[in-house]
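Architecture at a glance
Next come the chains, spelled out residue by residue.
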Amino acid sequence: MATDLNREAEGEEDMKKKGSEDFPAKSSRKSAKPSSLCPIPFPGQRVKSVRKNKTVKRERKEENRGGKMSGQTRKMIQKKLKIRGYSLKMDGLEEILSFVDRFQDAQDEAIDLLLDQLDHESLKSSIIDKEAVHRVISLLLEAEAAEEECPTSSTSLSHSSIRVVDAFLVPKFRYDPIKKHFFQHAGSLPIHGDASAKSTLYRDRFLLLFQRVSRDQHFIKPAFDTDETSQNCQLSPIQSLVGQRGKRWVMGVISQLEDGHFYLEDLTAAVEIDFSKAKITTGFFTENTIVVAEGEMLSEGIFQVITCGFPPLEDRDKSLKILAGHDFFGGGTLTKEETLRLADLEKRAVNDMFVILSDIWLDNEEVMEKLETVLNGFESVEIVPSLFVFMGNFCSHPCNLSFHSFSSLRLQFGKLGQMIEAHPRLKEQSRFLFIPGPDDAGPSTALPRCALPKYLTEELQKHVPNAIFSTNPCRIKFYTQEIVFFRQDLLYRMRRSCLIPPSTEETDDPFEHLVATITHQSHLCPLPLFVQPIIWNYDHCLHLYPTPHTIILGDRSEQKAFKYTGITCFNPGSFSDDSTFVAYRPCTQEVEFSAL
């Protein structure tokens, strides 16, 4: 033992004799102990001045602080990998750390982005090594470089940010009440459906709202109900009302099975209803609307309604979680990476603006002069609008079987194209979207309506090649936002079809009643089919589920805007009647009413 100690002492003396050129002082060795997370190189020579010594100490403190931050990041990476079922080799961990250090302010998002990309890779094992990580990082950095190289002008960004979704291309989903999930319809959808397609239309509407109501806290039966006097709003099937006494909550479709007698129907049965003593909520209660009602059965077999309202709304984010990635809106689903990137671009798009006009009568010289005034005004602004939306009707006379001036209307579209072409900044930097109105040319008046006939629009497209002719209704994705355009004189028809006078307790504004009706019904046109025909197999194109961010209702009535439960709804007014239109900023969802 003593021999060993003597050898150690001799070794220390030899080390001291070698001088301080190769090794630092003892005190320096303690402060410069390398971190296992962030290696710190030893200084190559002795510190000769106090000032230099202070500088080195300050640098080492910063490096130690960086080591602590690196340690937290290391733990975060290992935790996230463990959650996803991965194990990580040391060289792979160092590779991820070097990538994450590029994003000091968004390390968490960078890790998620990297792991999402790893999920798409065909890995040989759940143990991740440096090679697999390096391959994924290279792909991400190449994508970032490509994005930086692409032009970033407002024109190119605006054009890539706006995606128009044709109504007939919207995917169809149906709800399975047994498995309690949605499944996508497979196969073709003929325009002329068979008789079962009509009953399926009502069934799908009912199940869509029923699954939404079944998650509402007011209609969920508590697991433990010890208070016998407590009441809940648990829904009862209409079939179970037979022989029952006391108040019950039911949900069903208002229908007229006999002249002058209205019934409430669900998937089990139908019962005659009496609205004479009912207290109703905001909205237009018409035939074919789905309601939730409280009442009791009378001895005559009639359900006396006490309280009646529309199914409660559900928050958009909650709906999206339930849908598990299904693309109800159309236009394709987005990955987490794409959503983050588009959300960031959307925040920067403060200058993007949509100019929306409804009822542009091309055969009216006064209307065309007013339209030219509008185009002249926007041609001279510093930043031109990203999108012009022209909604029909495009003729002052209905284009029905008695209309024989299609060749003249074709020439009028050509003149509109020349007018747009005379404004070079608008032609090059803006896009023009055309949506047909209820009286425009087309195969039928049933919804959804197909785009304007090519015969009418050929001349216009020669002058404006980037013009878009879409369906009615039409859907637009602006980055992550979902916007729905619908041109129909809906307010007048809904008021005419009401079974009960609208409630004035909350509001007496007809437009607010209209917005409440279509949002709660999750449908753009909940009118009876004999009032407004709908193509049975394409009724899903009019669904508003999950609720979009913005709904534009082109109507002949006066300009109105109403923000309801976070949904921006507005009517641009009739340009031909009262020279009104709307400038809409989707980034802030700001509606600017305009008029000449």
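Residues numbered from 1 in each chain as written. Predicted model: local features only at pLDDT ≥ 70, side-chain atom pairs only at ≥ 80, totals over all residues. Heavy atoms only, no water.

Structural notes on the side chain of threonine 580
Mapped onto the elements of the fold, threonine 580 is located in strand β21 (residues 580–585). The buried category is assigned to threonine 580, whose relative accessible area is 9%. Within the structure, threonine 580 has its side chain in polar contact with the backbone oxygen of proline 572 (distance 3.4 Å). Within the local environment of threonine 580, its side chain forms a polar contact with the side chain of aspartate 578, the two groups lying 2.8 Å apart. When near neighbours in sequence (up to four residues on either side) are disregarded, threonine 580 contacts Gln559, Pro572, Gly573, Ser574, Phe575, Ser594 and Ala595. (Helix = DSSP H or I, 4+ residues; strand = E, 2+ residues; numbered from the N terminus. Buried < 20%, exposed > 50% of the residue type's maximum accessible area, 1.4 Å probe, protein only. Polar contact = N/O pair within 3.5 Å; in protein donor to acceptor, adjacent residues only side chain to side chain. Contact = heavy atoms within 4.5 Å.)

Points about the packing of aromatic side chains
Summed over the entire model, instances satisfying the criterion amount to 25 aromatic pairs. Arranged with centres 6.0 Å apart and planes meeting at 75 degrees, the rings of phenylalanine 328 and tyrosine 545 form a pair that is edge-to-face. Here phenylalanine 328, found in the loop between α9 (316–323) and α10 (336–348), pairs with tyrosine 545, found in the loop between α16 (510–521) and β18 (550–554); they are 217 residues apart in sequence, far enough to count as distant. Across the pair, tyrosine 545 and phenylalanine 328 agree in class, each one buried. Ring centres 6.3 Å apart and planes at 55 degrees place the aromatic pair phenylalanine 388 and phenylalanine 390 in the tilted group. Put simply, the rings of Phe378, Phe388, Phe390, Phe394, Phe413, Phe432, Phe434, Phe469, Phe575 and Phe581 pair up and form one aromatic cluster. We note arginine 410 situated over the ring of tyrosine 455; from NZ or CZ to the ring centre the distance is 4.8 Å. (Phe/Tyr/Trp six-rings, centres within 6.5 Å; stacked < 30°, edge-to-face > 60°. Lys NZ or Arg CZ within 6 Å of the ring centre and 35° of its normal.)

What to know about helix α12 (residues 406–421)
Between its first and last C-alpha atoms α12 spans 23 Å; for 16 residues at 1.5 Å apiece the expected length is 22 Å, and the two agree. Taken together, the buried positions of α12 are occupied by Leu409, Arg410, Gln412, Phe413, Gly414, Leu416, Gly417, Met419 and Ile420. Residues of α12 that are buried make contact with α11 (365–379), β13 (387–391), α13 (424–429), β14 (431–435) and α14 (454–463). (Expected span 1.5 Å × (residues − 1).)

Brief notes about the confidence of the model for the protein chain
Of the residues in the protein chain, 83% reach a pLDDT of 70 or more, and the chain-wide mean stands at 84. Throughout residues 1–9 the model reports pLDDT below 50, and contacts reaching past four residues in sequence, or to other chains, amount to 0 contacts. Note that residues 15–59 has pLDDT below 50 and, in this model, 24 contacts with residues that lie over four places away or in other chains. (pLDDT = per-residue confidence, 0-100.)

Some words on the packing of α11 against α12
The contact between α11 and α12 brings their axes to 10 Å, and the two run at 25 degrees. In terms of their interaxial angle, α11 and α12 are classed as roughly parallel. For α11 against α12, the interelement crossing comes out right-handed. Here α11 contributes Met368, Leu371, Glu372 and Leu375 to the contact with α12, which in turn contributes Leu416, Met419 and Ile420. Looking at the contact of α11 with α12 residue by residue, the class counts come to 6 nonpolar, no polar and 1 charged. (Axes fitted to C-alpha atoms, helices over the stretch in contact; angles between N-to-C directions. Parallel < 35°, antiparallel > 145°, perpendicular 65-115°, else oblique. Left-handed = near helix turned anticlockwise from the far one by under 90°. Nonpolar A, V, L, I, M, F, W, Y, C, P; charged D, E, K, R; others polar.)

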